[in-house]
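Listed here are the chains, written in short residue letters.
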Amino acid sequence: MQKLLLLHGALGSAENFIELTTFLKDDFEIYTFDFDGHGKSISDNPLTIPGFANQVLEFLDENKIEKIAVFGYSMGGYVGLYLAKNHPERIQKLFTLATKMQWTVEGSQKEASMLNPEIIKEKVPKFASALEKLHGQNWERLLPKTAEMMLGLGKSPALNNEDFSTITTPTLIAVGDKDMMVSIEESMAAYRELLNGQFLVLPNTQHPIERVNSEELAHQIKKYFS
C-alpha cells in the first residue's frame, strides 16, 4: 500500500485530518504528526519553514521511510514545496491545497495582525475555544510565534518563483475558488513555474480545512496519487 504523509497548516494539527483519513485509509498507509509548537508538540524553538522541513525529514528517518507521497494543506504545502526543492530524493509526489505562494511585507503584516490572543478571546471566542481544543493552553504562545514566522516570510520568503522553476517533483497545486487567503492567481503563477506541475481549482471551497469537503478532497487525492 502506498505511503502518504499529511502535513497540517499553521495553527492546525494532525487532528485536522481525522475525517479526511477515514476516506483515505483503505487506499493509503497514512502518516501524520504535529509540527513544533502545534497540537501536542510543545516547543520553545522559533517557527520556521526550514525547521518544519527538518522535522519532516526526522520523522521519515524515525519511521524508516526513504521516500513518500505528501499532501500538504496551507503551510504544510509550503513545507512540502520547500522539501521538493531542497530534498527531492525524499518526496515522491506532492499535492498542495490552499498554500500561500507569494509572501510580501504588507501581506504578512496583515496576516500577523490578526493573531493577537487577547483580541481573539474577546472578539472571536469560538475561534479561541477551537484553538484551545487543538493546542491546549499552548495556543496563546503559538499565535505570536506564528505571527513572527509570517513576518519573517514577508521579509524573506522561503521560496520564490525561481525556486519553483527548479522543482522537478511531480506537484499538484490546488486552491479553492472561495479562498479569501490564497488567490487563484498566485497559485496559478507558482504552477506555471513548475517543471512537472498540475493545477486544480476546487469549486465552492473556502480556506479553512474544516470547511473543505473531505470526501471530494479524498477523491482528488486518490486520483492524483494513483
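Structure's up top.
Residues numbered from 1 in each chain as written. Predicted model: local features only at pLDDT ≥ 70, side-chain atom pairs only at ≥ 80, totals over all residues. Heavy atoms only, no water.

How would you sum up the overall build of the chain? Please name residues and give values.
Across its full length, the chain carries 10 helices and 6 strands. Its C-alpha atoms give the chain a radius of gyration of 16 Å, within 12% of the compact-globule value 17 Å for 226 residues. Along the first, second and third principal axes, the C-alpha set of the chain runs to 45 × 35 × 35 Å. Here the chain holds 226 residues, and the buried ones make up 50% of them. Relative to all contacts within the chain whose residues are 6 or more apart in sequence, the contacts with residues 24 or more apart total 76%. About 11,100 Å² of surface is accessible on the chain, with carbon and sulfur atoms providing 50% of the total. Both charge centroids of the chain, one from 22 positive and one from 30 negative side chains, sit 2 Å from each other. (Helix = DSSP H or I, 4+ residues; strand = E, 2+ residues; numbered from the N terminus. Rg over C-alpha atoms; globule rule 2.2 N^0.38 Å. Buried < 20%, exposed > 50% of the residue type's maximum accessible area, 1.4 Å probe, protein only. Contact = heavy atoms within 4.5 Å. Areas by Shrake-Rupley, 256 points an atom, 1.4 Å probe, with all protein chains shown as cover. Lys, Arg positive; Asp, Glu negative; His and termini not counted. Charge placed at Lys NZ, Arg CZ, Asp CG, Glu CD.)

Explain unusual backbone geometry to me, and be specific about the residues and the numbers.
Positive phi is not limited to glycine here, since Ser74 has a value of about 50°. Among the secondary structure elements, Ser74 is positioned in the loop between strand 3 (68–73) and helix 3 (75–86). On the basis of relative accessible area, Ser74 is assigned to the buried category, the value being 14%. Positive phi values are uncommon outside glycine, yet Asn204 reaches one of about 55°. Mapped onto the secondary structure, Asn204 falls in the loop between strand 6 (197–202) and helix 10 (214–225). Given a relative accessible area of 57%, Asn204 falls into the exposed group.

Mind laying out the packing of helix 6 (residues 125–135) against helix 7 (residues 139–155), listing which residues take part and the relevant values?
Across the interface, helix 6 lies against helix 7 with an axial gap of 9 Å and an inter-helix angle of 100°. Comparing the axis directions of helix 6 and helix 7 gives the class roughly perpendicular. Residues Ala128, Leu131, Glu132 and His135 of helix 6 touch helix 7, and the partners they reach there are Trp139, Leu142 and Leu143. Along the lines of polarity and charge, the residues of the contact of helix 6 with helix 7 split into 5 nonpolar, 1 polar and 1 charged. (Axes fitted to C-alpha atoms, helices over the stretch in contact; angles between N-to-C directions. Parallel < 35°, antiparallel > 145°, perpendicular 65-115°, else oblique. Nonpolar A, V, L, I, M, F, W, Y, C, P; charged D, E, K, R; others polar.)

Before we move on, can you summarise helix 3 with the specific residues and values?
Under the 1.5 Å per step criterion, the end-to-end length of helix 3 is 16 Å for 12 residues, consistent within 8% with the ideal 16 Å. Within helix 3, 10 of the 12 residues are buried, which leaves it mostly tucked inside the rest of the structure. (Expected span 1.5 Å × (residues − 1).)

Explain the pattern of salt bridges residue by residue, including any values.
Inspection of every chain in the model, using the stated rule, returns 9 salt bridges. For Glu29, the salt bridge goes to Lys3, with nearest N and O atoms at 3.9 Å. Taken together, the residues span a long stretch of sequence, with Glu29 in strand 2 (residues 28–32) and Lys3 in strand 1 (residues 2–7) at a distance of 26 residues. On the accessibility criterion, Lys3 (30% relative accessible area) is partly exposed. Each of Glu118, Lys121 and Glu140 takes part in a single network of salt bridges with overlapping partners. (Salt bridge = Lys/Arg side-chain N within 4 Å of Asp/Glu carboxyl O.)

Describe the environment of Ile30, with residues and values.
With respect to the helices, strands and loops of the structure, Ile30 is situated in strand 2. By relative accessible area, Ile30 is classed as partly exposed at 24%.

Give a description of the side chain of His38 that names residues and reports values.
Relative to the assigned elements, His38 resides in the loop between strand 2 and helix 2 (49–62). According to the relative accessible area criterion, His38 is buried, its value standing at 1%. Excluding residues that lie within four positions of it along the chain, His38 makes contacts with His8, Gly9, Ala10, Leu11, Gly12, Leu47, Phe52, Met75, His135 and Leu142.

So what about the environment of Glu215? Which residues, and what values?
Relative to the helices and strands, Glu215 is located in helix 10. Taking the C-alpha atoms as reference points, Glu215 and Asp26, separated by 189 residues in sequence, lie 13 Å from one another.

Would you mind going over the sheet that holds strand 6 in detail, with residue names and values included?
Reading across the sheet, the 6 strands line up as 2-1-3-4-5-6 and stay open at both edges, with parallel pairing between neighbours. In this open sheet, the two edge strands, each paired with only one partner strand, are strand 2 and strand 6. Put simply, the sheet's adjacent strands are angled 20° from each other on average, direction ignored. Pairing of strand 4 (residues 91–97) with strand 5 (residues 171–176), which is carried by 4 bridges, proceeds in the parallel orientation. By the bridge assignment for strand 5, Leu97 is matched with Ala174. Here helix 2 sits on the sheet in contact with strand 1, strand 2 and strand 3, set at roughly 150° to strand 1. Together, strand 1, strand 3, strand 4 and strand 5 form the strand contacts of helix 3, whose direction differs from that of strand 4 by roughly 150°. (Pairing = 2+ DSSP bridges.)

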